[in-house]
Amino acid sequence: MTARLALLGDSIAWGQGAARERDRLGPRLVEGLAVRAIDVELRTFAVPGARSSGLAAQVDSALGWAPDVAVVVIGANDLTHREPVARAVRALADAVRRLRAAGSEVVVAPAPDLSAVPHVPVALRGVVRAAGDAFRAQQAAATNAEGGLVADPDQRASHAFAADPSLFSADRFHPSSAGYAVIADALLPAVVDAASEVGAGGRSQVQ
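These numbers come from a predicted model, not from an experiment.

*Asks:* Got a minute to help me understand the overall build of the protein chain in this structure?
*Replies:* Each helix and strand in the protein chain was counted, giving 8 helices and 5 strands. Over its C-alpha atoms the protein chain spans a radius of gyration of 16 Å, differing by no more than 12% from the 17 Å that the globule rule assigns to 207 residues. When each of the 207 residues of the protein chain is scored for burial, the buried share is 49%. Contacts spanning at least 24 positions in sequence make up 78% of the contacts within the protein chain whose residues lie at least 6 apart. Separation of charge centres in the protein chain, based on 20 positive and 22 negative side chains, amounts to 4 Å.

Have a look at this one:
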């Protein structure tokens, strides 16, 4: 069986900064799943620059394809544009709810720790980190409440980026090809769990 994998969200989901198409997040996930004998067909609905408020339109498009697994990478642009947290979280919850109601397994990669971005001043990193932590916690709670899975709960990817600036692309904000390998590796455990549920008949829907 070949499962349908939809990728929604922002520029990270889309793959901005990768040197080659195959280095983007989607192909990296497909490759990681293939190694684990899970075959998927990928479609990317993500839009660079998207905020949580833009997920509704992406979900509309994705549902027309009826994905078995949907991976949502969102939150960085909400933070950089200072979107109201409650509104952003509500939009994410709505997206997860709609995808789950349609029968998709859903994996959410919450906002990264933007304090790791090289051009963030050292004096502001604590404030940026705290804002991200608070937002991410609400994203995770909303995802769990709607029956989704939260990827990389230990922030392995963000810790790696903080320790190795070469994981950023030339714009010093988006990941490089090497950075996408790190992100895909951090997301894969949750994506594998979700894809495994497809063959097992899926988890119970949130009522």
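*Asks:* Quick question: what am I supposed to make of empty space enclosed by the protein here?
*Replies:* Space left empty within the atom packing is revealed by a probe, the size of a water molecule, rolled over the atoms. Across all of its chains, the model carries 1 cavity of 30 Å³ or more by this definition. Estimates place the volume of the largest cavity at around 30 Å³. Lining the largest cavity, in full, are Arg51, Ser52, Ser53, Asp78, Glu83, Pro84, Arg87, Ala88 and Ala91. Across the lining of the largest cavity, the residue classes break down as 3 nonpolar, 2 polar and 4 charged.

*Asks:* Help me out: how do you make sense of the packing of aromatic side chains in this one?
*Replies:* The description of an aromatic ring pair uses the distance of the two centres, along with the angle that the planes make with each other. Throughout the structure, instances matching the rule amount to 2 aromatic pairs. Where Phe45 meets Trp65, the ring centres are 6.2 Å apart and the plane angle is 50 degrees; that geometry is what we call tilted. One end of the pair, Phe45, is in the loop between strand E2 (40-44) and helix H3 (55-63); the other, Trp65, is in the loop between H3 and strand E3 (69-73), and 20 residues separate them in sequence. The exposure class assigned to Trp65 is buried, which follows from its relative accessible area of 5%. The ring of Trp14 carries Arg24 above its face, with NZ or CZ at 4.0 Å from the centroid.

*Asks:* Please explain the pattern of salt bridges as it appears in this structure.
*Replies:* Under the criterion given, the structure shown has 12 salt bridges. Connected through salt bridges with shared partners, the residues Arg20, Asp23 and Arg28 form a single ionic network.

*Asks:* Would you mind going over the layout of surface pockets with me for this structure?
*Replies:* Taken as a whole, the largest pocket encloses approximately 450 Å³ of empty space. Surrounding the largest pocket, 29 residues form its lining, Pro110, Ala111, Pro112, Asp113 and Ser158 being those nearest its centre. Breaking the lining of the largest pocket down by element, the ones donating at least two residues are helix H6 (125-145), helix H7 (156-163) and helix H8 (177-199). Ranked by the residues each element gives to the lining of the largest pocket, the list is headed by H7, at 3 residues. The computed volume of the second largest pocket comes to approximately 380 Å³. What lines the second largest pocket is a set of 15 residues, and nearest its centre among them are Leu79, Thr80, Arg82, Leu114 and Val128. Among the elements of the structure, helix H4 (76-80) and H6 are those that each provide at least two residues to the lining of the second largest pocket. Per-element tally for the lining of the second largest pocket: the top contributor is H6, with 4 residues. Residue classes in the lining of the second largest pocket are distributed as 10 nonpolar, 2 polar and 3 charged.

Reading the values: rules and limits
- Residues numbered from 1 in each chain as written.
- Predicted model: local features only at pLDDT ≥ 70, side-chain atom pairs only at ≥ 80, totals over all residues.
- Heavy atoms only, no water.
- Helix = DSSP H or I, 4+ residues; strand = E, 2+ residues; numbered from the N terminus.
- Rg over C-alpha atoms; globule rule 2.2 N^0.38 Å.
- Buried < 20%, exposed > 50% of the residue type's maximum accessible area, 1.4 Å probe, protein only.
- Contact = heavy atoms within 4.5 Å.
- Lys, Arg positive; Asp, Glu negative; His and termini not counted.
- Charge placed at Lys NZ, Arg CZ, Asp CG, Glu CD.
- 1 Å grid on protein atoms, 1.4 Å probe; cavity = no way out; pocket = protein on both sides within 12 Å on 5 of 7 lines; lining within 4 Å.
- Points joined across faces, edges and corners; volume = space filled by probe spheres on them.
- Nonpolar A, V, L, I, M, F, W, Y, C, P; charged D, E, K, R; others polar.
- Phe/Tyr/Trp six-rings, centres within 6.5 Å; stacked < 30°, edge-to-face > 60°.
- Lys NZ or Arg CZ within 6 Å of the ring centre and 35° of its normal.
- Salt bridge = Lys/Arg side-chain N within 4 Å of Asp/Glu carboxyl O.

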